[in-house]
2 protein chains.
Amino acid sequence: MNIAILGFGTVGQGIYRVLEDRRSALEGQCGQELCVKRILVRDLQKDRGAFSASSLPLTDSFKEILDDDSIEVVFEVMSDGPQGTEYVRQMLARGKHVISANKAAIAGAFFELQETARAAGVHFRFEAAAAGGIPLIDPLGKIRHLNTISYLGGIINSSTNYILSELSLEKPRDEVFAEALTLGVLEDDPTNDVEGYDARRKIAILASMILAQEINEMDIPTIGISRLSEEDFVWAGSEKRRLKLIAAMRQDDAFYQLSVLPTALPETDSLANVGGIMNQVQLKGDIIGSLVFSGTGGGMLSTAHGLWTDFLDVICSRPGYYSNVGKIKADHSMERIAEFYLREAGKSPGEIKKISVKEALNLNNKGFTIIEIA
Amino acid sequence: MNIAILGFGTVGQGIYRVLEDRRSALEGQCGQELCVKRILVRDLQKDRGAFSASSLPLTDSFKEILDDDSIEVVFEVMSDGPQGTEYVRQMLARGKHVISANKAAIAGAFFELQETARAAGVHFRFEAAAAGGIPLIDPLGKIRHLNTISYLGGIINSSTNYILSELSLEKPRDEVFAEALTLGVLEDDPTNDVEGYDARRKIAILASMILAQEINEMDIPTIGISRLSEEDFVWAGSEKRRLKLIAAMRQDDAFYQLSVLPTALPETDSLANVGGIMNQVQLKGDIIGSLVFSGTGGGMLSTAHGLWTDFLDVICSRPGYYSNVGKIKADHSMERIAEFYLREAGKSPGEIKKISVKEALNLNNKGFTIIEIA
């Protein structure tokens, strides 16, 4: 069986390495040899680090992959959203199974891609798009049919959780960010992670699946961690709380409310104790009760692991699709009332007030540091 | 689609209730109406509590179900092990999909039942047999192909975890056991839970899957919680530890070692904080890293949830089977050395020694209270 990989950054390299490492087990399940026939990259001349570029089947032509009917399964792990969506759409339409971890490509076109896959009778899978290696999407695909899910949320961005964990140890901010870059925990442009956009995309995908309706990530009130400063960590410590970036979907009567917010959690809360690049997702359903999934959220091997579990489903199951038929609508009024710690720019200490998420966003726009108190 | 339920205790009733509650979602996925055509019980006259017996399609004839070719899917949730195995074997051979939560039926005949299902081309699924509602078996089915799993273990018996949680609050032993019976957490005959046999069966099933070899539950060194007394909880508290019943599979060089042992865990350990009827399973793999699954381990609805997620897989995936091809053997020499708290019957306090699991078992046979120190 011929496969292709679109993108050869950290995750693309992980896919390649896991295949090399687990070839016999994967081929045993597949019942045939597995061959990485093409790897799409932007720059054929770029140094590929541990890999010898000449030993890799690199190409800079997407069309070459699209037109190659011998390629049955494509791993899409690019970073560009709109281009990713376009490539996935074309490959599905051409009858190729697609396994993607590209949140930006999926979040904006969830049901359109589902329909394209359905029409072509192929798999479109994305286990690694929400919490890296944690098996979350596949179980949720079943859990959503059996439960009214009143809460789904937690820590789903590894980079910010690493940074918050380090900052809570009173390390200097510059040092923490520099280390995160060196370790590969943070990308050269950290905006997507630090401003909460990555977490916003992930909760948009999870909510789209569960609520069976397209959730536009731009409708989700989102505050990142860029404004949290030393004094905020000192405040949290004095309250026996820890600061985490929490993405959540909550049921409130007839509506669901979504948000991505810096949150001060009691030290005894299980989420408060998720350190480093670990992720944790909590779920409450009326039949299943409470469920918690924890594991490595990002990183080369764990993300590649999520993609390969999708591959195992592609080769031994029938394709399944999500439909846009949800009745309980998401509420974008941002009227949920919560307790917030609010600190005006350049001033200290902050104050605690019960306000709506909408008011909190307004104050954020005015330069306030905003932390929800959970 | 016609289904049957074998056994109408707590879990059987849960299966029936979840169908009533989620009928439209389940029928939507199934694409046809779902009908519980037969429910096998021992005593047709027994009071069925909240259910009116006359409204239920009860039968005491297994043959009636076996011979009814219109019944496609059977939920097997009896408590009898050998009879469960025999019924499952016959139903699979007759081409019926079987979904079982009967640990005692599965643990002794894992690969035989796999082969019977494979020969007949039907599903044999058992998601609810190991950790109730926690989605564990299905993800493990994929994770095992992609990892060398060096550790799998945790709290997988809800009854004993409830009892240990209550006892650690210094409640009197008799009161705790009486409450557990009233709440339905403990069965009338608590031996299977309290002596660790239920946990032993579950870890035997998980290890059989992962190691791809038949694990005989009788080969697993097992000590239950029946000997733990007030002074042991006082000792654990003084050491800032909590007592839990831990079932585990550990890789030690070329072998795997299994055990079910009362264990004193540091208060800060995530397993130490799993209270009441909750379960938690931890896993370490070389590719996926650390994973933790937590949720409600037993109980009517969460176990029924696990069985219905299997049903969703039966109706929309191809059957998959486990094979008996494992190369890294389980080691039953019990030579693993660990630190144990050992207390002679009637004496106090105990002492701490580094000994082998085999020596600990020997001392247990001589009446000692045994607690592994993790």
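Note that residues are indexed from 1 along each chain, following the sequence as it is written. To label them, take the chains in the order written and letter them from A, then take the ligands in the order written and number them from 1. Predicted model: local features are reported for residues with pLDDT of at least 70 only, side-chain atom pairs are reported and counted for 80 or more only, and whole-chain, interface and lining totals are derived from all residues. Only hydrogens and water are set aside; all other atoms, that is, all heavy atoms of the structure, feed into the side-chain values.

### Observations concerning unusual backbone geometry
Trans is the prevailing form of peptide bonds, just as negative phi is the prevailing case for residues other than glycine. Residue and element names in this part refer to chain A. Cis geometry is found at the peptide bond from Ser348 to Pro349, where omega equals -5 degrees. When you line up the elements, Pro349 lands in the loop between β12 (337-343) and β13 (351-356). Positive phi values are uncommon outside glycine, yet Glu170 reaches one of about 65 degrees. One non-glycine residue with positive phi stands out, namely Ala212, at about 55 degrees. Numbering goes from the N terminus for both helices and strands, where a helix is a DSSP run of H or I of at least four residues and a strand is a run of E of at least two.

### Considerations on empty space enclosed by the protein
Cavity and pocket criteria rest on a 1 Å grid covering protein atoms alone: a 1.4 Å probe that fits but cannot get out defines a cavity, protein on both sides within 12 Å along at least 5 of 7 lines defines an open pocket, and an atom within 4 Å of a point defines a lining residue. Grid points are joined across faces, edges and corners, and a volume is the space filled by probe spheres set on the points. One pass over the full model with this rule turns up four cavities of 30 Å³ or more. Here the largest cavity defines a volume of roughly 90 Å³. Lining the largest cavity are Pro139(A), Lys142(A), Ile143(A), Ile288(A), Glu127(B), Gly133(B), Pro135(B), Asp138(B), Pro139(B), His305(B), Gly306(B) and Thr309(B). Contributions of two or more residues to the lining of the largest cavity are made by α7 (137-146) of chain A together with α7 (137-146) and α13 (300-316) of chain B.

### Quick word on the relation of the copies chain B and chain A
When the copies are overlaid, the least-squares fit takes in C-alpha atoms only where the residue has pLDDT of at least 70 in both copies. Note on the identical chains: chain B maps onto chain A by a rotation of 180 degrees and an axial translation of 0.0 Å, with an RMSD of 0.0 Å. Within this description, the copies of the chain are treated as partners about a two-fold rotation axis. Of the interface residues in chain B, 100% have counterparts in chain A that sit at the interface too, so the contact is made through matching surfaces. A contact between two residues is defined here by any heavy atoms of the two lying within 4.5 Å.

### A word on the environment of Gly289(A)
Looking at the element boundaries, Gly289(A) is found in strand β11 (residues 289-296). In sequence terms Gly289(A) and Gln114(A) are 175 residues apart; their C-alpha atoms lie 29 Å from each other. For Gly289(A), the contacting residues outside a window of four places in its chain are Leu283(A), Lys284(A) and Thr296(B).

### Structural notes on the environment of Gly289(B)
In this scheme, a residue with accessible area under 20% of its type's maximum is buried, one over 50% is exposed, and one in between is partly exposed, where area comes from a 1.4 Å probe on protein chains only. The class of Gly289(B) is partly exposed, set by a relative accessible area of 25%. Taking the C-alpha atoms as reference points, Gly289(B) and Asn147(B), 142 residues apart in sequence, are found 9.1 Å from one another. Once residues within four sequence positions are removed from consideration, Gly289(B) is found in contact with Thr296(A), Leu283(B) and Lys284(B).

### Some thoughts on the pairing of strand β9 (residues 255-266) of chain A
Note on strand geometry: in a regular strand, side chains alternate between the two faces of the sheet. Residues and elements named next belong to chain A. In terms of burial, β9 is largely enclosed, as 10 of its 12 residues are buried. Two strands form a pair only when DSSP identifies at least two bridges running between them. Bridge count for strand β8 (residues 241-252) against β9 is 12 bridges, and the pairing is antiparallel. Each bridged residue has a counterpart across the sheet, and for Arg241 the counterpart in β9 is Pro266. Taking the residues between adjacent antiparallel strands as the criterion, β8 and β9 are bridged by two residues, where Asp253 takes a positive phi near 55 degrees.

### A look at the interface of chain B and chain A
Counting from both sides, the interface comprises 40 residues of chain B and, opposite them, 40 residues of chain A. A 1.4 Å probe defines the accessible area here, and the buried area is the portion of it lost by two parts on being joined, summed over both. When the two sides are added together, the surface that chain B and chain A hide from each other amounts to roughly 3,400 Å², 61% of it contributed by carbon and sulfur. We define a salt bridge as a contact between a side-chain nitrogen of Lys or Arg and a carboxyl oxygen of Asp or Glu at a distance within 4 Å. Along the contact surface separating chain B from chain A lie six salt bridges. A salt bridge links Lys142(A) to Asp313(B); the shortest N-O distance between them is 2.5 Å.

### Concerning the sheet that holds strand β3 (residues 58-59) of chain B
Residue and element names in this part refer to chain B. Taken in spatial order, the six strands make up an open sheet running β3-β2-β1-β4-β5-β6, and their pairing is parallel. Two strands bound the open sheet, and with one partner strand each, they are β3 and β6 (124-125). Sheet topology places strand β5 (residues 97-100) next to β6; two bridges connect them, and they run parallel. What sits directly across from Ile99, in β6, is Arg125.

### As for the packing of aromatic side chains
Residue and element names in this part refer to chain B. Stacked, edge-to-face and tilted labels apply to pairs of Phe, Tyr and Trp rings (six-membered ring for Trp) whose centres lie within 6.5 Å, assigned for plane angles under 30 degrees, over 60, and everything in between, in that order. By the definition in use, this model includes 26 aromatic pairs over all chains. Ring geometry for Phe8 and Phe51: centres 5.3 Å apart, planes at 65 degrees, overall edge-to-face. Separated by 43 residues along the polypeptide, Phe8 in the loop between β1 (2-6) and α1 (10-30) and Phe51 in the loop between β2 (35-40) and β3 bring together distant segments of the chain. According to the relative accessible area criterion, Phe8 is buried, its value standing at 5%. On the basis of an interplanar angle of 85 degrees and a centroid distance of 5.4 Å, the ring pair of Tyr16 and Phe51 is categorised as edge-to-face. With a gap of 35 residues between them, Tyr16 in helix α1 and Phe51 in the loop between β2 and β3 connect regions that are remote in the sequence. For the pair Tyr16 and Phe51, a shared accessibility class is recorded, and that class is buried.

### Section: the pattern of salt bridges
Residue and element names in this part refer to chain A. Counted by the stated rule, this structure contains 54 salt bridges over all chains. The salt bridge involving Lys37 is made with Asp68; its shortest N-O contact spans 2.8 Å. Of the two residues, Lys37 sits in strand β2 (residues 35-40) while Asp68 sits in the loop between α2 (62-66) and β4 (71-76), which places them 31 residues apart along the sequence. Its relative accessible area of 26% is what places Lys37 among the partly exposed residues. Look at Asp68 and you get buried, because its relative accessible area is 15%. With a shortest N-O distance of 2.5 Å, Lys171 and Glu166 are connected by a salt bridge. What makes Lys171 partly exposed here is its relative accessible area of 31%. Look at Glu166 and you get buried, because its relative accessible area is 13%.

### Details of the sheet that holds strand β5 (residues 97-100) of chain A
Hydrogen bonding along the main chain pairs the strands of a sheet, whether they run parallel or antiparallel. Residue and element names in this part refer to chain A. Judged by pairing direction, the sheet is parallel, and its six strands sit side by side in the order β3-β2-β1-β4-β5-β6 without closing on themselves. Each end of this open sheet is capped by a strand with a single partner; those strands are β3 (58-59) and β6 (124-125). Two elements, β2 and β3, share two bridges in a ladder whose sense is parallel. The residue bridging Leu40 from the neighbouring strand is Thr59, located in β3. Helix α13 (residues 300-316) rests against β1 (2-6), β4, β5 and β6 of the sheet, and its axis sits at about 155 degrees to β5. A fitted line through C-alpha atoms serves as each axis, taken over the contacting stretch for helices, and the angle formed by two N-to-C directions is quoted from 0 to 180°.

### Some words on the packing of α7(A) against α13(B)
Contact geometry of α7(A) with α13(B) gives a least axis separation of 10 Å together with a crossing angle of 115 degrees. Taken together, the axes of α7(A) and α13(B) are roughly perpendicular relative to one another. Where α7(A) crosses over α13(B), the two elements pack in a sense that is right-handed. On α13(B), the residues touching Lys142(A), Ile143(A), His145(A) and Leu146(A) of α7(A) are His305(B), Trp308(B), Thr309(B), Leu312(B) and Asp313(B). We call Asp, Glu, Lys and Arg charged. Ala, Val, Leu, Ile, Met, Phe, Trp, Tyr, Cys and Pro are nonpolar, and the rest, Gly among them, are polar. By residue class, the composition of the contact of α7(A) with α13(B) is four nonpolar, three polar and two charged. Convention used here: angles under 35 degrees read as roughly parallel, angles over 145 as roughly antiparallel, angles from 65 to 115 as roughly perpendicular, and any remaining angle as oblique. Handedness of a crossing follows from how the near helix is turned relative to the far one, being left-handed for an anticlockwise turn of less than a right angle and right-handed for a clockwise one.

Any link to function would need more than the numbers given here.
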